[in-house]
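Close look at the chain arrangement
The primary structure of each chain is shown beneath.
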Amino acid sequence: SGRVALVTGASVGIGAAIAKELVRSGMKVVGCARSVEKIQKLAAECQAAGYSGQLVPFKCDLSKTEEIESMFASIKAQHKGVDVCINNAGLAHPEFLLSGKTSGWKNMLDVNVLALSVCTREAYQSMKERNVDDGHIINLNSICGHMVVPKADAHFYTCTKYAVTALTEGLRQELHEAKTHIRATSISPGVVETELFQRAYSENPEIAAGIYAHYKPLEAIDVANAVIYVLSAPPHVQVGDVMLRPVEEHSVN
Ligand code: NJP
């Protein structure tokens, strides 16, 4: 399609699945993360599979604002700019409010909230300077962005995802006031089987075992398919949020 998409956190999990599906659909995708070698491997897989798009790996530590800004400058120089920005990178340190580490909370704020906001601003500026009116900004939110899950050790994570809900809605209002047709969407999954999920429960394997005993978690491809749906909606349709949950997830939360 000739459009350029940025996918943050494209090295593993949901971001890797989204990057792959967008390349399959013909887009040029800049995929960023710290472990750029994993994205290089994914790019080679996409090429070997004969996908019509292209995956361009980019090394970026999103907790450093200056690295995000130089990434956008490089995208401008090499690919003119972005038409689609998928703010997927995010982390979940399972830490209680009564005992968690400040460094873990700060890390979540830096990536889940600050980097998402910096990427949103830079993506919008890139679209504006090229008069791109059909751009799209998609934020990876969570079920935790809509409710405080009981008995969870993820209240600070939940706070960062409530921020994503506020930022997505705020973005929609600002885009309207700026008289553009650029769309803003958030995608809110329940448990998805990725490294994030495995890491979050590595110290509490009984919680993970409880989840597997009760239901099958979502897979990264399920979330990637939601992104494809959101991007293929007709221009007058703005999908505000897609909430995706494993069947029966509610029964144990
Ligand atoms: O996470 P994971 P998921 N700079 O851990 C990157 C949300 N979500 O795919 O840098 C740059 O497998 C990291 O790359 P690397 C969740 O909140 C998930 O599960 O190489 N990149 C990797 O590519 C998040 O927003 C579940 O380590 C950084 C990626 O982020 C999104 O879905 C449920 C970075 C994380 O891959 C993707 O999560 C839900 C940095 N400083 C919402 N730090 C779920 N899995 O259950 C991290 O409701 N990354």
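Residues numbered from 1 in each chain as written. Predicted model: local features only at pLDDT ≥ 70, side-chain atom pairs only at ≥ 80, totals over all residues. Heavy atoms only, no water.

Here's the deal with the environment of Met 71
Looking at the secondary structure, you find Met 71 in helix α3 (residues 65–79). Of the residues examined, Met 71 reaches a relative accessible area of 0% and is grouped as buried. The sequence separation of Met 71 and Cys 119 amounts to 48 residues, and the corresponding C-alpha distance is 9.8 Å. (Helix = DSSP H or I, 4+ residues; strand = E, 2+ residues; numbered from the N terminus. Buried < 20%, exposed > 50% of the residue type's maximum accessible area, 1.4 Å probe, protein only.)

Section: the site of the ligand
Not every one of the 32 residues close to the ligand is listed here, only the nearest: Ser 35, Ser 142, Tyr 157, Pro 189 and Thr 194. Contact distances for the ligand include 2.6 Å between an oxygen atom and a side-chain N or O atom of Ser 142. A distance of 3.0 Å separates an oxygen atom of the ligand from a polar atom in the side chain of Lys 161. Counting only elements with at least two residues in the shell around the ligand, the list comes to α1 (13–24), α5 (155–177) and α6 (195–200). (Near = heavy atom within 4 Å. Polar contact = N/O pair within 3.5 Å; in protein donor to acceptor, adjacent residues only side chain to side chain.)

Let's talk about the pattern of salt bridges
Scanning all chains against the criterion turns up 12 salt bridges. With a closest N to O distance of 3.6 Å, Asp 83 and Arg 130 form a salt bridge. One end of the pair, Asp 83, is in the loop between α3 and β4 (84–87); the other, Arg 130, is in the loop between α4 (102–129) and β5 (136–140), with 47 residues separating them in the sequence. Judged by its relative accessible area of 27%, Arg 130 falls in the partly exposed class. Here the salt bridges do not stand alone but share partners, grouping Glu 69, Arg 121 and Glu 122 into one network. (Salt bridge = Lys/Arg side-chain N within 4 Å of Asp/Glu carboxyl O.)

A short note on the nonpolar core
Across soluble globular proteins, nonpolar side chains have a tendency to be buried as a group. Counting residues in each nonpolar core, the largest one holds 38 residues, and the members touching the most others are Leu 6, Leu 62, Ile 68, Met 71, Phe 72 and Ala 123. Put simply, the parts of the chain that give this core at least two residues each are β1 (4–8), β2 (28–33), α3, α4 and α5. For Leu 6, the contacting residues outside a window of four places in its chain are Val 30, Cys 32, Met 71, Phe 72, Ile 75, Val 82, Val 84, Cys 85 and Ile 86. Val 29, Leu 42, Ala 43 and Tyr 51 belong to the second largest nonpolar core, which has 36 residues in total. (Core = buried A, V, L, I, M, F, W, Y, C linked by side-chain atoms within 4.5 Å. Contact = heavy atoms within 4.5 Å.)

Describing the packing of α3 against α4
Contact geometry for α3 and α4: axes closest at 10 Å, N-to-C directions at 25 degrees. Between α3 and α4, the angle falls in the class roughly parallel. Crossing angle aside, the handedness with which α3 passes α4 is right-handed. Residues Thr 65, Ile 68, Glu 69, Phe 72 and Lys 76 of α3 lie in contact with α4, whose contacting residues are Ala 115, Val 118, Cys 119, Arg 121, Glu 122, Ala 123 and Glu 129. (Axes fitted to C-alpha atoms, helices over the stretch in contact; angles between N-to-C directions. Parallel < 35°, antiparallel > 145°, perpendicular 65-115°, else oblique. Left-handed = near helix turned anticlockwise from the far one by under 90°.)

Looking at α3
In this model, α3 (15 residues) spans 21 Å end to end at C-alpha, consistent with the 21 Å of a helix rising 1.5 Å per residue. Looking at the residues trailing α3, positive phi occurs at Lys 80, about 75 degrees. (Expected span 1.5 Å × (residues − 1).)

Regarding the environment of Gly 104
Relative to the elements of secondary structure, Gly 104 occurs in helix α4. Once residues lying within four places of it in the same chain are set aside, the contact partners of Gly 104 are His 93 and Glu 95.

Some thoughts on the packing of α1 against helix α8 (residues 220–232)
Running from amino to carboxyl end, α1 crosses α8 at an angle of 45 degrees, the nearest separation of the two axes being 8 Å. Taken together, the axes of α1 and α8 lie oblique to each other. Crossing hand, α1 versus α8: right-handed. Each of Gly 13, Ile 14, Ala 17, Ile 18, Glu 21 and Leu 22 in α1 lies in contact with α8, whose residues at this interface are Ala 220, Ile 221, Val 223, Ala 224, Val 227, Ile 228 and Leu 231. Looking at the contact of α1 with α8 residue by residue, the class counts come to 11 nonpolar, 1 polar and 1 charged. (Nonpolar A, V, L, I, M, F, W, Y, C, P; charged D, E, K, R; others polar.)

Considering the sheet that holds strand β7 (residues 241–244)
Taken in spatial order, the 7 strands of this open sheet run β3-β2-β1-β4-β5-β6-β7, and their pairing is parallel. Edge strands, defined here as strands with exactly one partner in the open sheet, are β3 (54–59) and β7. When strand polarity is set aside, the average angle formed by the axes of neighbouring strands in this sheet is 15 degrees. Here strand β6 (residues 183–189) pairs with β7 via 4 bridges, running parallel. Across the sheet, Pro 189 pairs through a bridge with Leu 244, a residue of β7. Across the sheet, helix α2 (residues 36–48) touches β2 and β3, and the angle it forms with β3 is around 170 degrees. (Pairing = 2+ DSSP bridges.)

Thoughts on unusual backbone geometry
Even without a glycine there, the phi angle at Lys 80 is positive, about 75 degrees. Note on Lys 80: relative accessible area 65%, which makes it exposed. Unlike most non-glycine residues, Lys 179 shows phi in positive territory, near 60 degrees. Checked against the element boundaries, Lys 179 lands in the loop between α5 and β6.

Everything listed here is a matter of coordinates, which is why it stays silent on function.
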